[in-house]
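The chain contents come next:
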Amino acid sequence: MAVLTEEQTMLRDMAREWADNESPVTAFRKMRAAAPVEGYDPAAWSEQAQMGWAGILVPEEHGGAGMGYLALGSVLEQLGRTLVATPLGATAAATAAIILGGSDEQKAKWLPKIAAGEVVATVAVDEGPNFDPVRIEASVSGGKLSGTKEFVAEGDSAQLFVVAASDGLYLVEGDAGVARATRKMADSRSHAQVAFDGAPADKLANGGDDLLQKVCDRAAAATCAEMLGMAESAFEQTNDYLKTRVQFGQKLSTFQALQHRMAKMFTELEMMRSAVEGALEAIDADRPDVAQSVSLAKAVAGDTLHLVSREMIQLHGGIGMTDEHDAGFYIKRAQVLETIWGNAAWHRERFARLSGY
Amino acid sequence: MATAPDTETLADPLDAFRVEAREWLAKNFPSSLKGKDNAMSAVEGGSEPTADEVAWKKAMGEKGWGVPTWPKEYGGGGLSRAEARVLQEEMGRIGAWNPIGGMGVMMFGPTLLEYGTEEQKHEHIPAIAKGEVRWCQGYSEPGAGSDLASLQTFAEDKGDYYVVNGQKTWTSGGQWADKCFALVRTDKTKKHEGITFVLIDMNDPGVEVRPIRLISGQSPFCETFFNDVKVPKKDRVGEEGQGWTIGKRLLQHERTSLSGGGSASRLLGGTPLSKLAKQYRGEDAEGRIADPDLRMRIVRHEMDTRAFMLTMRRAALEAKANQGPSAASSIMKNVGARITQNRAELGMEIMGMAGLGWEGEGFSEEELAQTRTWLWGKAVSIYGGSTEIQNNIIAKRILGMLDHQ
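This structure is a prediction, so every number in the text was calculated from the model and none was measured. (Residues numbered from 1 in each chain as written. Chains lettered and ligands numbered in written order. Predicted model: local features only at pLDDT ≥ 70, side-chain atom pairs only at ≥ 80, totals over all residues.)

### Topic: the domain arrangement of chain A
Residue and element names in this part refer to chain A.
Here is step 1: Structurally, chain A comprises domain 1 (6-115), domain 2 (121-203) and domain 3 (211-354).
Here is step 2: Relative to domain 2, the C-alpha centre of domain 1 lies at a distance of 21 Å.
Here is step 3: Each partner contributes to the interface: domain 1 provides 17 residues, whereas domain 2 provides 15 residues.
Here is step 4: Counting only elements with at least two residues in the side of domain 1 that touches domain 2, the list comes to α5 (88-101) and α6 (104-115).
Here is step 5: With 7 residues, α5 is the single largest residue contributor to the side of domain 1 that touches domain 2. (Domains from an automatic or database assignment. Contact = placed C-beta atoms within 7 Å. Helix = DSSP H or I, 4+ residues; strand = E, 2+ residues; numbered from the N terminus.)

### Considerations on the interface of chain B and chain A
Here is step 1: Facing the 34 residues of chain B at the interface are 30 residues of chain A.
Here is step 2: Within the residue set of the side of chain B that touches chain A, elements represented by two or more residues are α10 (292-322), α11 (332-351) and α13 (387-398) of chain B.
Here is step 3: The element best represented in the side of chain B that touches chain A is α10(B), accounting for 16 residues.
Here is step 4: Of the residues assigned to the side of chain B that touches chain A, the class counts are 19 nonpolar, 7 polar and 8 charged. (Nonpolar A, V, L, I, M, F, W, Y, C, P; charged D, E, K, R; others polar.)

### Things to note about helix α11 (residues 344-354) of chain A
Here is step 1: Where α11(A) is concerned, the buried positions are A:A344, A:H347, A:R348, A:F351 and A:A352. Down the axis of α11(A), the buried side of the element spans an arc of 145°, and every buried residue falls inside it.
Here is step 2: Considering only its buried residues, α11(A) is in contact with α9 (290-316) of chain A together with α10 of chain B.
Here is step 3: In the stretch just after α11(A), A:G356 is the one whose phi turns positive, near 75°. (Buried ≥ 20, exposed ≤ 12 C-beta atoms within 10 Å, placed from the backbone. Arc of directions from axis to C-beta.)

### Some points on the packing of helix α8 (residues 256-284) of chain A against α13(B)
Here is step 1: Where α8(A) contacts α13(B), the axes come no closer than 8 Å and their chain directions differ by 85°. By the angle between their axes, α8(A) is roughly perpendicular relative to α13(B). Along the contact surface, α8(A) presents A:Q259, A:H260, A:M262, A:A263, A:K264 and A:F266, while α13(B) presents B:N391, B:N392, B:I394, B:A395 and B:I398. (Axes fitted to C-alpha atoms, helices over the stretch in contact; angles between N-to-C directions. Parallel < 35°, antiparallel > 145°, perpendicular 65-115°, else oblique.)

### Focus on the packing of helix α7 (residues 211-244) of chain A against helix α10 (residues 327-339) of chain A
Packed helix pairs are specified by the crossing angle of their axes together with the interaxial distance, meaning the distance between the axes.
Residues and elements named next belong to chain A.
Here is step 1: Direction vectors running N to C along α7 and α10 enclose 155°, while the axes themselves pass 11 Å from each other. Here α10 runs roughly antiparallel to α7, going by the angle between their axes. The interaxial crossing formed by α7 with α10 has left-handed handedness. Contacts between α7 and α10 involve T223, E226, M227, M230 and A234 on the former and, on the latter, Y330, R333, A334 and L337.
Here is step 2: Partitioned by chemical class, the residues of the contact of α7 with α10 number 6 nonpolar, 1 polar and 2 charged. (Left-handed = near helix turned anticlockwise from the far one by under 90°.)

Structure (C-alpha cells):
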C-alpha cells in the first residue's frame, strides 16, 4: 500500500483494529436483522465520530483533522473490509462539496457540526437509475429547490443534502419541503428517493463551473477506497477457504487451476490498489489529471471488485450461495458500489473523451 | 542555460554531486549521440559503432557510471542510490544514455558481487563495468525449460578442472558472447542439490553456437553445444551443489530487469495507439476514433498501462520504505507481458494488412517494425519464467497455496 505518513499510518491502523474488533461482518448481519430506520447502526456511527473520522477532510479551523483523501481512503478501506454500515462515505462526499464550493459562512455553519458527527450529510445528483450528472432537471427559483432525486445514499436519515440543480449545487436541510421514500435494496444499506418541493436552498457559489464534476470525482474516489477494502477481504476469505476445504482427498488450494485463478485475481488486486491510491493522491496534490485518475480508479476498481466478488461465490461453491455465509453480502454491496458514481463503462468513456480518443 | 548552483553554499550534498555530474557529462557526452540510445542494438549485435559511440562508452566505462552503484574497487561508480538517481536525471536532462549494459550488468554482475570470491570479483567485474566483456546465460536446455532444475549438462570432476558436456538453448546473444555463466550438473543422484554454477569461456574450441531463427525472422537466441569443454575450478561460483540457490538469485535480477523501470519508457514509447487509430481508421463527426469498439479497447489498454505504471512506482516506493521487495513486484512480469503483447496486437489490428508487411516496398518503417514487434512479443510471456510459472510463484510464495500431494 501507499507509503503513508506516521499520522496516516496511525489512523489506518486504528481503523483496521476498530473494524476487526468492534464492527466485524457479524455486526452488519445484526444491523440487517434489526433494520433500523436510519439504515445503519447509530452507535457505530457515534463511535466513528468520537474517533474523529467524520472530520478527516474538515480543515482544522473548523474542528476537523484536515488530513485529506488518502487518509480518508485508508479508513474507508478498512471499513469496506468488514462491510461496516455507517454514513461516513456519504458525509465525506458532502463535506468535499462544502469545502470546495461553500462560502466562509456556509463552512462555519456546517463543517464543525459534520466534524463532530452531529450531522449526517449526503450528495444527491441522479434523477434516474444510472449515474448521469449531465441530465439534471431539478431547479431553483427564488431560493426554493424542486425536483426528485433517486437512490440517494443515506437518504433515509441525512439532515443535510448537497443537491445538484440545473444551475449548480445547493445545500438543502432535510425538513421543510423534503419527502423521503425508502428504497430497499440488495445491499441492505440506506438508499432513498428524495423529493424536494420548494425546499429552501442555499447555493454553493464557489468552486467554479466544474464544481459538480469535482464533487462527483471525490465521491467516486472515496467509494473506490471502500471497494478496495471489500475486494481484498473477499479475496483473503476465499484464499483461506481454499486452504481448508478438502475434496478428492486434497485441500482445494493445492489444485493448480484454482491457484492460477487466485494468482490472476491477486495481480488485478495489486493493480486496483495502485489505481485507487493514485486517484486519492492526485486529489490531495490537486493535480490537473484528477478526473482521469478517478476514472481510471473507478473503472479498474469496478472490474476488479466484480471479478473478486463473483469468484468468491464460485470458489466457495454451494456454501457461498447460502444466506448464512458472508459471500452474498460482499457481492450485493459490490454491485451497488460498481454502479454508483458511474460504472466502469461510464468511466472508460469519460477517460477516452478526456484523453482525446 | 541555467547557471550551476555554487558548491560552496550548498546545503544538500546531493546538489554538489549534481554539479559534478552535470559538468562531467557536459565534457564527455558527445552531442551527436543525444537521444540515440542504441542499447538494444548493442545487445542484438547491431552495426559497427561510430567513433563517438566508442568514446562515450570508454568514458563511462572508466568513470564507472555505467554501473553507478557498484563498488569503486571493482570499477563501479561507488555512488549511493540517491546519487545514482541524480545521475540518471542529469543524463535524461541532456538526452544522454547508458552505453554499458547487457546480461553482465543486469544479472551476472550483481550475482557475482554477492556470491563471488574476491579474486573472481576482481577478475570479472571491472570488465563488465567497462563494457569490455559480453556475457550470456547458459540455463535452459532442450529438456529443461520451465522445469529448469532437470537440466542434464554434466560437469565431470577432473581434479583441478571440470570437463563439461551437454547442450544449452535460448542462449541470448550467444553468438556474440565472450563468456557464459551456466548451470551444470555435478551430481546425477540429486536434483536441485546436484547443480553447480560455473563460468565458461565461449572461445573454447569445444563450444559450438548455432543461432535459432524465430517466427519474427530475428535470431537473438542460440543453441549452445559443449563438447569436452575444460572449466578450471577457479571459475566455479559458490560451492558444488549451490548452483540452484545462486541461479535463482540471478533470476530475480533477471525478472527485475525484464519488467522493471527499464521497460516503462518502452511501454509509453512509439506513436500513441489513439493517434495511430485516427490515422489509419479515421475519425467520426465528433473527432473520435471512428470504430467505437476499437476505441474502447484502446481505452482498456491505456488504463491497464497506467495502472501498471502506478504499480511500478508504488512497488519502488514501498521497497524503499520497507527495505525489501514489495508484494506488488511479483505481478510485474505478467502484467508487463500482457501490456506489451496487447499493444502489439492493437497496433497490428489498427494497421490492417499494412501491419503485416514482412519486408521491401510498399510499407513504412513503422509498419514493418509493427510486424516484427508483434511476433517477437510472443516471447515475453515465455522467457524469464513463463506466465504460468509466475502464477505458480504468486500462488505459492505470496498466497501460501501448497503443492498437490
